[in-house]
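Here are the chains, one letter per residue:
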Amino acid sequence: MTAAKQSITELYDLIKDRQAQPIPGSYTDYLFTKGLDKILKKVGEESTEVIVAAKNPDDAAFVLEVADLTYHVLVLMVERGITLDQIEAELASREGKMSRLKERSSINKY
Ligand SMILES: N=c1c2ncn([C@@H]3O[C@H](COP(=O)(O)OP(=O)(O)OP(=O)(O)O)[C@@H](O)[C@H]3O)c2ncn1[C@@H]1O[C@H](COP(=O)(O)O)[C@@H](O)[C@H]1O
(Lines give C-alpha, C1' and ligand atoms only; values in the text may rest on other atoms or scores of the structure.)
Protein backbone atom coordinates (compact mmCIF):
# COMPACT_ATOMS: atom_id res chain seq x y z
CA MET A 1 0.00 0.00 0.00
CA THR A 2 1.41 3.42 -0.92
CA ALA A 3 1.32 6.17 1.67
CA ALA A 4 -1.25 8.91 1.13
CA LYS A 5 0.22 12.20 -0.04
CA GLN A 6 -1.06 15.74 -0.31
CA SER A 7 0.69 17.98 -2.80
CA ILE A 8 1.68 21.55 -1.92
CA THR A 9 -0.68 22.72 -4.68
CA GLU A 10 -3.61 20.75 -3.23
CA LEU A 11 -2.96 22.19 0.22
CA TYR A 12 -2.61 25.74 -1.18
CA ASP A 13 -5.92 25.35 -3.05
CA LEU A 14 -7.63 24.01 0.08
CA ILE A 15 -6.41 27.00 2.10
CA LYS A 16 -7.59 29.38 -0.65
CA ASP A 17 -10.95 27.64 -0.55
CA ARG A 18 -11.15 28.16 3.23
CA GLN A 19 -10.48 31.88 2.69
CA ALA A 20 -13.21 32.14 0.04
CA GLN A 21 -15.68 29.94 1.92
CA PRO A 22 -14.84 30.11 5.63
CA ILE A 23 -15.73 27.16 7.83
CA PRO A 24 -16.23 28.67 11.28
CA GLY A 25 -14.17 26.81 13.83
CA SER A 26 -11.61 25.54 11.34
CA TYR A 27 -8.01 26.38 12.21
CA THR A 28 -7.42 28.01 8.82
CA ASP A 29 -10.44 30.25 9.34
CA TYR A 30 -9.13 31.08 12.82
CA LEU A 31 -5.82 32.25 11.30
CA PHE A 32 -7.49 34.34 8.57
CA THR A 33 -9.86 35.85 11.12
CA LYS A 34 -6.98 36.80 13.44
CA GLY A 35 -5.09 38.25 10.47
CA LEU A 36 -1.56 38.91 9.30
CA ASP A 37 0.11 39.49 12.68
CA LYS A 38 -1.14 36.15 14.04
CA ILE A 39 -0.09 34.32 10.86
CA LEU A 40 3.38 35.91 11.04
CA LYS A 41 3.69 34.93 14.69
CA LYS A 42 2.86 31.33 13.79
CA VAL A 43 5.38 31.32 10.91
CA GLY A 44 8.01 32.57 13.35
CA GLU A 45 7.14 29.93 15.96
CA GLU A 46 7.04 27.11 13.43
CA SER A 47 10.40 28.23 11.95
CA THR A 48 11.99 28.00 15.37
CA GLU A 49 10.46 24.56 15.90
CA VAL A 50 11.96 23.39 12.57
CA ILE A 51 15.40 24.61 13.66
CA VAL A 52 15.18 22.84 17.03
CA ALA A 53 13.85 19.61 15.47
CA ALA A 54 16.62 19.62 12.84
CA LYS A 55 19.19 19.46 15.63
CA ASN A 56 17.68 16.26 17.01
CA PRO A 57 17.98 12.77 15.49
CA ASP A 58 14.19 12.18 15.37
CA ASP A 59 13.39 12.39 11.62
CA ALA A 60 9.62 11.97 12.14
CA ALA A 61 9.52 14.97 14.50
CA PHE A 62 11.54 17.03 11.99
CA VAL A 63 9.18 16.08 9.13
CA LEU A 64 6.20 17.05 11.30
CA GLU A 65 7.68 20.49 12.00
CA VAL A 66 8.55 21.09 8.35
CA ALA A 67 4.95 20.17 7.43
CA ASP A 68 3.63 22.62 10.08
CA LEU A 69 5.87 25.39 8.71
CA THR A 70 4.85 24.59 5.13
CA TYR A 71 1.16 24.87 6.02
CA HIS A 72 1.64 28.19 7.83
CA VAL A 73 3.78 29.66 5.01
CA LEU A 74 1.03 28.70 2.54
CA VAL A 75 -1.56 30.45 4.74
CA LEU A 76 0.74 33.51 4.74
CA MET A 77 1.04 33.41 0.95
CA VAL A 78 -2.74 33.23 0.54
CA GLU A 79 -3.19 36.08 3.03
CA ARG A 80 -0.67 38.19 1.03
CA GLY A 81 -2.18 37.18 -2.31
CA ILE A 82 0.95 35.41 -3.53
CA THR A 83 0.50 32.34 -5.74
CA LEU A 84 2.55 29.18 -6.07
CA ASP A 85 3.04 30.16 -9.73
CA GLN A 86 4.93 33.26 -8.59
CA ILE A 87 7.27 31.17 -6.44
CA GLU A 88 7.76 28.65 -9.26
CA ALA A 89 8.51 31.46 -11.72
CA GLU A 90 11.09 32.90 -9.32
CA LEU A 91 12.71 29.47 -8.88
CA ALA A 92 12.67 28.89 -12.66
CA SER A 93 14.42 32.22 -13.23
CA ARG A 94 17.35 30.86 -11.20
CA GLU A 95 17.60 27.56 -13.07
CA GLY A 96 20.93 27.03 -14.78
CA LYS A 97 22.52 30.07 -13.18
CA MET A 98 25.95 29.53 -11.71
CA SER A 99 25.92 30.16 -8.02
CA ARG A 100 28.48 32.74 -6.96
CA LEU A 101 30.62 30.35 -5.01
CA LYS A 102 33.95 31.78 -3.95
CA GLU A 103 36.32 31.49 -1.10
CA ARG A 104 34.98 33.53 1.74
CA SER A 105 37.28 34.94 4.32
CA SER A 106 36.67 33.50 7.74
CA ILE A 107 34.88 35.65 10.24
CA ASN A 108 37.10 36.16 13.24
CA LYS A 109 35.93 39.55 14.45
CA TYR A 110 32.72 39.99 16.38
N1 LIG B 1 -1.90 21.14 7.21
C2 LIG B 1 -2.61 21.64 8.10
C3 LIG B 1 -2.07 22.00 9.37
N4 LIG B 1 -0.82 21.92 9.87
C5 LIG B 1 -0.89 22.40 11.12
N6 LIG B 1 -2.16 22.78 11.41
C7 LIG B 1 -2.67 23.30 12.66
O8 LIG B 1 -1.75 24.21 13.17
C9 LIG B 1 -1.91 24.29 14.58
C10 LIG B 1 -0.54 24.43 15.15
O11 LIG B 1 -0.54 23.97 16.44
P12 LIG B 1 -0.02 24.86 17.63
O13 LIG B 1 -0.07 24.00 18.82
O14 LIG B 1 1.28 25.51 17.24
O15 LIG B 1 -1.10 26.02 17.65
P16 LIG B 1 -2.45 26.08 18.50
O17 LIG B 1 -2.11 26.08 19.95
O18 LIG B 1 -3.44 25.05 18.02
O19 LIG B 1 -2.98 27.51 18.04
P20 LIG B 1 -2.45 28.95 18.44
O21 LIG B 1 -3.36 29.45 19.50
O22 LIG B 1 -1.00 28.85 18.82
O23 LIG B 1 -2.62 29.73 17.18
C24 LIG B 1 -2.68 23.03 15.02
O25 LIG B 1 -3.97 23.42 15.46
C26 LIG B 1 -2.77 22.23 13.74
O27 LIG B 1 -4.01 21.55 13.63
C28 LIG B 1 -2.92 22.56 10.33
N29 LIG B 1 -4.25 22.79 10.11
C30 LIG B 1 -4.74 22.45 8.90
N31 LIG B 1 -3.97 21.88 7.90
C32 LIG B 1 -4.55 21.53 6.58
O33 LIG B 1 -5.54 22.46 6.26
C34 LIG B 1 -6.73 21.79 5.90
C35 LIG B 1 -7.90 22.60 6.35
O36 LIG B 1 -7.93 22.57 7.76
P37 LIG B 1 -9.06 23.36 8.57
O38 LIG B 1 -8.82 24.77 8.32
O39 LIG B 1 -8.83 22.98 9.99
O40 LIG B 1 -10.35 22.87 8.04
C41 LIG B 1 -6.67 20.43 6.59
O42 LIG B 1 -7.37 19.47 5.87
C43 LIG B 1 -5.21 20.15 6.55
O44 LIG B 1 -4.93 19.54 5.30
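Residues numbered from 1 in each chain as written. Predicted model: local features only at pLDDT ≥ 70, side-chain atom pairs only at ≥ 80, totals over all residues. Heavy atoms only, no water.

Taken together, 14 residues are adjacent to the ligand, and Arg 18, Ser 26, Thr 28, Lys 38 and Lys 42 come closest. Between an oxygen atom of the ligand and a side-chain N or O atom of Ser 26, the distance comes to 3.0 Å. At 3.3 Å from an oxygen atom of the ligand is found a main-chain nitrogen or oxygen belonging to Tyr 27. Counting only elements with at least two residues in the shell around the ligand, the list comes to α1 (8–20), α2 (27–34), α3 (36–54) and α4 (59–80). (Near = heavy atom within 4 Å. Polar contact = N/O pair within 3.5 Å; in protein donor to acceptor, adjacent residues only side chain to side chain. Helix = DSSP H or I, 4+ residues; strand = E, 2+ residues; numbered from the N terminus.)

Pairing between side chains of opposite charge can happen when their charged atoms approach one another. Under the criterion given, the structure shown has 2 salt bridges. Lys 42 serves as the salt-bridge partner of Glu 45, at 3.1 Å between the closest nitrogen and oxygen. Separated by 3 residues within a single helix, Glu 45 and Lys 42 lie in helix α3, roughly one turn from each other. Since its relative accessible area comes to 31%, Glu 45 is described here as partly exposed. Judged by its relative accessible area of 13%, Lys 42 is buried. Between Glu 90 and Arg 94 there is a salt bridge; the shortest N-O distance is 3.0 Å. Of this pair, Glu 90 and Arg 94 both sit in helix α5 (residues 84–94), 4 residues apart, which is roughly one turn of that helix. (Salt bridge = Lys/Arg side-chain N within 4 Å of Asp/Glu carboxyl O. Buried < 20%, exposed > 50% of the residue type's maximum accessible area, 1.4 Å probe, protein only.)

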